[in-house]
Amino acid sequence: MRKAINHLKKCDPVLGAIIQRVGAFRMEFGEPNFHSLAEAILYQQLNGKAAVTIFKRFTEKTGDPVTPEGILN
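As a starting point, this report considers the structure included with it.

Rules of the game
As a convention, each chain's residues are numbered from 1 in the sequence order in which they are written. Whole-chain, interface and lining totals are the exception, using all residues; otherwise, since this is a predicted model, local features are given only for residues with pLDDT of at least 70 and side-chain atom pairs are given and counted only at 80 or more. Side-chain numbers come from the whole structure's heavy atoms, not from hydrogens or water. Here, the term nonpolar core denotes a set of buried Ala, Val, Leu, Ile, Met, Phe, Trp, Tyr and Cys residues that are joined through side-chain atoms within 4.5 Å. Working definition: with a 1.4 Å probe on protein chains only, accessible area under 20% of the residue-type maximum means buried, over 50% means exposed, and in between means partly exposed. By the criteria applied, helices consist of DSSP H or I runs no shorter than four residues and strands consist of E runs no shorter than two, each listed in order from the N terminus. We call two residues in contact whenever any of their non-hydrogen atoms come within 4.5 Å of each other. The axes used here are C-alpha line fits, helices contributing only the stretch in contact, and every angle between their N-to-C directions lies in the interval 0 to 180 degrees. Convention used here: angles under 35 degrees read as roughly parallel, angles over 145 as roughly antiparallel, angles from 65 to 115 as roughly perpendicular, and any remaining angle as oblique. Residue type decides the class: Asp, Glu, Lys and Arg count as charged, Ala, Val, Leu, Ile, Met, Phe, Trp, Tyr, Cys and Pro as nonpolar, and the leftover types, Gly among them, as polar.

1. Section: the nonpolar core
Moving on, step 1. Listed in full, the five residues of the largest apolar core are Ala38, Leu42, Ala51, Phe55 and Val66.
Moving on, step 2. Elements supplying a minimum of two residues to this core: α3 (34-45) and α4 (48-62).
Moving on, step 3. Sequence-distant contacts of Phe55, defined by excluding residues within four places in its chain, comprise His35, Ala38, Glu39, Leu42, Tyr43 and Val66.

2. Some words on the side chain of Thr59
Moving on, step 1. Within the secondary structure, Thr59 is located in helix α4.
Moving on, step 2. By relative accessible area, Thr59 is classed as buried at 12%.
Moving on, step 3. Non-local contacts of Thr59, meaning those with residues more than four positions away in its chain, are made with His35, Asp64 and Val66.

3. A word on the packing of helix α1 (residues 2-11) against helix α2 (residues 13-22)
Moving on, step 1. Relative orientation of the contacting elements α1 and α2 amounts to 130 degrees, with a least axis distance of 5 Å. Judged by the angle between their axes, α1 and α2 are oblique. Along the contact surface, α1 presents Ile5, Leu8, Lys9 and Cys11, while α2 presents Pro13, Leu15, Gly16, Ile19 and Gln20.
Moving on, step 2. Residues that form the contact of α1 with α2 fall into these classes: six nonpolar, two polar and one charged.

Now the structure itself:
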């Protein structure tokens with residue numbers, strides 16, 4: 001990741017200045033599961049606050065964590 005960030009800083013002075021000011025992007029990895037997939041799909045379709053509200057309602061109906069069985073029920 002460091003190699004990629006250094007490359008971006010060298011290639012794009014504007015982006016380099018932003019990275020210098022804000023800091024480098026940090027990627028967080030989570031265990032891939034059905035719940036994460038369902039959440040990602042929903043968040044792609046909606047604005048942040050609306051997505052949070054609708055996903056909360058969705059998990060109230062299907063269970064938390066979301067499972068294929070919960071959706072079928």
